[in-house]
Amino acid sequence: MEADAGLERRPAELGSPGPTPEAAPSPAQGPDPEDGARAWAEFAALHGTALRASGVPERYWGRLLHKLEHEVFDAGEMFGIMQVEEVEEEESEDEAAREVRRKKPNPGGELCYKVIVTNENGLRAADPNSIFLIDHAWTCRVEHARQQLQQVPGLLHRMANLMGVEFHGELPSPEAVDLVLEEMWKFNQTYQLAHGTAEEKVPVWYVMDEFGSRIQHADVPSFATAPFFYMPQQLAYTLLWPLRDLDTGEEVTRDFAYGEADPLIRKCMLLPWAPADMLDLSSSTPEPPDEHYQAILEENKEKLPLAISPVAHPQDHVFKVYTDIQQVLSHLTHPRFTFTQNEADADILYNFSHFKDYRRLSQERPNVLLNQFPCENLLTVKDCLASVARRAGGPEGPAWLPRTFNLLTELPQFVSYFQQRERRGDDNHWICKPWNLARSLDTHITKSLHSVIRHRESSPKVVSKYIESPVLFLREDVGRVKFDIRYIALLRSVKPLRLYVYDVFWLRFSNRPFALDDLDDYEKHFTVMNYNPGVVLKQVHCDEFIPEFEKQYPEFPWKIVQAEIFQAFTELFQVACAKPPPLGLCDYPSSRAVYAIDLMLKWDNRPDGKRVMQPQILEVNFNPDCERACRYHPTFFNDVFSTLYLDEPSNCHVTRLV
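Residues numbered from 1 in each chain as written. Predicted model: local features only at pLDDT ≥ 70, side-chain atom pairs only at ≥ 80, totals over all residues. Heavy atoms only, no water.

A. Looking closely at the overall build of the chain. What the chain contains, in helices and strands, is 20 helices and 27 strands. Computed over its C-alpha atoms, the radius of gyration of the chain comes to 28 Å, within 12% of the 26 Å expected for a compact globule of 658 residues. Evaluated residue by residue, the chain yields a buried proportion of 54% over its 658 residues. Nonlocal contacts in the chain, meaning residues at least 24 apart in sequence, comprise 70% of its contacts between residues at least 6 apart. Split by element, the accessible area of the chain, about 29,400 Å² in all, is 51% carbon and sulfur. In the chain, 68 positive and 98 negative side-chain charges are present, and the distance between their average locations comes to 6 Å. (Helix = DSSP H or I, 4+ residues; strand = E, 2+ residues; numbered from the N terminus. Rg over C-alpha atoms; globule rule 2.2 N^0.38 Å. Buried < 20%, exposed > 50% of the residue type's maximum accessible area, 1.4 Å probe, protein only. Contact = heavy atoms within 4.5 Å. Areas by Shrake-Rupley, 256 points an atom, 1.4 Å probe, with all protein chains shown as cover. Lys, Arg positive; Asp, Glu negative; His and termini not counted. Charge placed at Lys NZ, Arg CZ, Asp CG, Glu CD.)

B. Geometry of the packing of aromatic side chains. Considering all chains together, one arrives at 47 aromatic pairs under this definition. Here phenylalanine 573 and tyrosine 595 contribute two aromatic rings whose centre-to-centre distance is 6.1 Å and whose plane-to-plane angle is 45 degrees, an arrangement assigned as tilted. Taken as a pair, phenylalanine 573 in helix α18 (residues 558-577) and tyrosine 595 in strand β25 (residues 593-605) lie far apart in primary sequence, 22 residues in all. Side by side, phenylalanine 573 and tyrosine 595 carry an identical accessibility label, which is buried. (Phe/Tyr/Trp six-rings, centres within 6.5 Å; stacked < 30°, edge-to-face > 60°.)

C. Examining the state of the cysteines more closely. Taken as a whole, this structure holds 0 disulfides when the rule is applied. Unpaired in terms of disulfides, cysteine 626 finds its nearest cysteine sulfur in cysteine 630, a separation of 6.0 Å. Using a relative accessible area of 4% as the deciding quantity, one classes cysteine 626 as buried. (Disulfide = S-S within 2.5 Å.)

D. A look at the sheet that holds strand β17 (residues 430-434). Strand order across the open sheet formed by 4 strands is β16-β19-β17-β18, with antiparallel pairing between neighbours. The open sheet has two edge strands with one neighbour each: β16 (404-406) and β18 (444-446). Between one strand axis and the next, the sheet turns by 25 degrees as a mean value, whatever way the strands run. Relative to strand β19 (residues 461-465), β16 runs antiparallel, the two being bridged by 3 bridges. Paired with phenylalanine 405 across the bridge in β19 is valine 463. Contacting β16, β17 and β19, helix α13 (residues 382-393) runs over the sheet at an angle of about 120 degrees to β16. (Pairing = 2+ DSSP bridges. Axes fitted to C-alpha atoms, helices over the stretch in contact; angles between N-to-C directions.)

E. Quick look at the environment of arginine 631. Tracing the sequence through the fold places arginine 631 in helix α19 (residues 627-632). Side-chain polar atoms of arginine 631 contact the side chain of tyrosine 632, separated by 3.1 Å. (Polar contact = N/O pair within 3.5 Å; in protein donor to acceptor, adjacent residues only side chain to side chain.)

F. Representation of helix α17 (residues 542-552) within the structure. By the burial criterion, the buried members of α17 are Cys542, Phe545, Phe549 and Gln552. Along the axis of α17, the buried positions cluster into a sector of 80 degrees, meaning they face one direction only. Exposed residues lying more than 90 degrees from the buried face of α17 are Asp543, Glu544 and Lys551. On its buried face, α17 is in contact with β20 (473-475), β22 (483-493), β24 (506-509), α18, β25 and β26 (611-622). (Arc of directions from axis to C-beta.)

G. Seen up close, the nonpolar core. If you look at the biggest cluster of nonpolar residues, it comprises 96 residues, and the most contacted ones within it are Tyr350, Phe549, Leu601 and Phe641. The dominant element in this core, judged by the number of residues it contributes, is α18, at 11 residues. Apart from residues no more than four positions distant in its own chain, phenylalanine 549 is found in contact with Val471, Phe473, Phe483, Phe556, Trp558, Val561, Leu601 and Met613. Core analysis: the next-biggest nonpolar cluster, separate from the first, contains 23 residues, Phe167, Ala176, Val177 and Phe187 among them. (Core = buried A, V, L, I, M, F, W, Y, C linked by side-chain atoms within 4.5 Å.)

H. Spotlight on the sheet that holds strand β15 (residues 369-370). Strand order in the open sheet formed by 4 strands is β13-β12-β14-β15, with parallel pairing between adjacent strands. The sheet terminates laterally at β13 (337-339) and β15, the two strands that pair on one side only. As paired strands, strand β14 (residues 348-350) and β15 are joined by 2 bridges and run parallel to one another. Directly across from leucine 349, in β15, lies its bridge partner leucine 370. Here helix α20 (residues 636-645) sits on the sheet in contact with β12 (319-323), β13, β14 and β15, set at roughly 130 degrees to β14.

I. Up close: unusual backbone geometry. Residues lysine 495 and proline 496 are joined by a peptide bond in cis, for which omega reads 0 degrees. Along the polypeptide, proline 496 turns up in the loop between β22 and β23 (498-502). Positive phi, close to 50 degrees, is recorded for glutamate 71, a residue that is not glycine. Topologically, glutamate 71 is positioned in the loop between α2 (61-69) and β2 (79-85). Residue glutamate 71 is classed as partly exposed on the basis of its relative accessible area of 46%. A positive phi angle, near 50 degrees, is found at asparagine 623, a position not held by glycine. Relative to the helices and strands, asparagine 623 is located in the loop between β26 and α19. Among the residues examined, asparagine 623 registers a relative accessible area of 14% and is labelled buried.

J. How the structure looks around the pattern of salt bridges. This structure, assessed with the given rule, holds 34 salt bridges. Measuring nitrogen to oxygen at the nearest pair gives 3.6 Å for the salt bridge that ties glutamate 648 to arginine 336. Taken together, the positions of glutamate 648 in the loop between α20 and β27 (654-656) and arginine 336 in the loop between α10 (326-331) and β13 put the pair 312 residues apart, joining distant regions of the chain. Of the charged contacts in the structure, one is a salt bridge between lysine 461 and aspartate 442, with a shortest N-O distance of 2.7 Å. Here the residue lysine 461 occupies a position in strand β19, and aspartate 442 occupies one in the loop between β17 and β18, the gap between them amounting to 19 residues. Summarising the burial analysis for this pair, lysine 461 and aspartate 442 share the class buried. In the salt-bridge network here, residues are joined through shared partners; they are Asp484, Arg486, Arg508 and Asp598. (Salt bridge = Lys/Arg side-chain N within 4 Å of Asp/Glu carboxyl O.)

K. Structural context of helix α5 (residues 155-163). Residues of α5 that are buried include every one of Leu155, Leu156, Met159, Ala160, Leu162 and Met163, and no others. Along the axis of α5, the buried positions cluster into a sector of 165 degrees, meaning they face one direction only. Here the buried face of α5 lies against β5 (136-140), α4 (145-151), α6 (174-183), β7 (204-208) and α7 (210-213). Two residues or fewer past α5, glycine 164 is found with a positive phi of approximately 75 degrees.

L. View of the confidence of the model for the chain. The pLDDT averaged across the chain works out to 90; a share of 90% of its residues lies at or above 70. Per-residue pLDDT stays below 50 along residues 102-109; that stretch engages in 16 contacts with residues further than four places along the chain or on separate chains. (pLDDT = per-residue confidence, 0-100.)

M. Geometry of the packing of α5 against α6. The N-to-C vectors of α5 and α6 enclose an angle of 55 degrees; their axes lie 10 Å apart at closest approach. When the axis of α5 is compared with that of α6, the two are oblique. The interaxial crossing formed by α5 with α6 has left-handed handedness. Residues Leu156, Met159, Ala160 and Met163 of α5 form the contact with α6, whose own contacting residues are Ala176, Val177, Val180 and Glu183. Partitioned by chemical class, the residues of the contact of α5 with α6 number 7 nonpolar, no polar and 1 charged. (Parallel < 35°, antiparallel > 145°, perpendicular 65-115°, else oblique. Left-handed = near helix turned anticlockwise from the far one by under 90°. Nonpolar A, V, L, I, M, F, W, Y, C, P; charged D, E, K, R; others polar.)

Set out below in structure tokens:
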């Protein structure tokens, strides 16, 4: 959610058409009142939902349309920017605030700006004209910010001036770019488009122009702001409107933590502008209460099944499979499975998307077998995965999961933990990930507390400790790079727990040597290369990888490393299946599932000082892309279906874990 966008859990979602309101205020007067009314009705139909969600009063909509159509930027007629010199140090200022002041790019007495009402008649909230357009000086996705500062003529100079960063000379210096990338989190706002591909819906960050960026924070603000995407022009603006009447000389302020009432969360959200010491706060994150999981079940609109008896089929039964997954249609050739295009005829529903109404299915078709479990989001959604894993490792989490915080519910604990590590001089690199996106979309590595705090506003995210000491793999063509490993897990049943893992695993490699720098260098820090057509995709089969790995690390036989990996998988599924739904996966006898588990290895030290490779589970994916599995192992889906639906794993390439 954008800090001042008037929406709840999501970022400001722009571009949602909505119904025409029943009563329309007076349209902007044009040459033909009928044309004006029609234009207003079209505008309200297209943008009404977004405007209401942002809390923009309807009395302003008519003049807003006029200003958008004619690009009227008339804030200068009503407001002025005033320069205020801050005193260097206040007696009441605490040590943390002094330290931040010392670290600022322009230490000493520095200029601060305020926006005030300069119109001699003041400003009236009831005036339909009291809504103003603010232009955006810079719009980007975070991963492109550095490149744009380096390459777009004049951008670095403008941002440095706007943010108070000293910048000399014409050429972008690395130091000036780094300072702007750090300072921008005090100025960034965010929105995301409501429609489009997953890539197009990745949150966009923007910096308002010099006028908008000078508006300061107040807990009781005089104005509200919201991002607004005007579809006819395909342009984004920020809207500014008053929350009360203002007299000449009064300050224009907005609430940088808009919509948050909890005083502690507000204190955390305002840290980029108001430094505070949170060290005394506990960083412990116990598992959430049962109500948390019940709320997730309701939010997902999932209906749990009724109790049913397992279905028994004769040994020679041929199962009719209904699926919308092309890889299954192309590669399932086992004689005991045949395809049907009629869902009602199917013995097995093997669907790409999630089932929701298990209750109805259990009532009407209890004998139909599925490829998913009720409540499996406890594994496949990152905040739930971290919560459930605490059953194995306590409030800090187990050794096989990076320390993870849900930024929506555990922001104060994260801030405290970050500051504790900072005080001890521990590594403080973190990775922000959306709860429920794959392929590294909207995923960011940072050592900036301000960056993590602000990322919370864009979309629901977790923040996990970035693995600063990964086990690396020597690529002859590149050097020592990060790699991750994907295993395919097959869950046959919850009670009793029956879990298999496919014997072949898959590897993904970074393309540049690893180092804890250039955190926005995708090919150095990420391993998912197969969705970017312009990037080299290094592929090594596990049969080649194992001897090469053992050559590079002779003290670590792969058999022992893999045993640790399998132990982590076993513990994860044991705790995920130990409690009844919605606190655990549902024991539905007709369910089966295939999951991809992505992991890395990191260096760790045991209490006796021995250096070990510790598996780190990164995520669990439902219905993974099995293109590589099918290409190199044509029997892959025959093995999967034999294990899950025929209970015949003995001749398949699988290992039973539980």
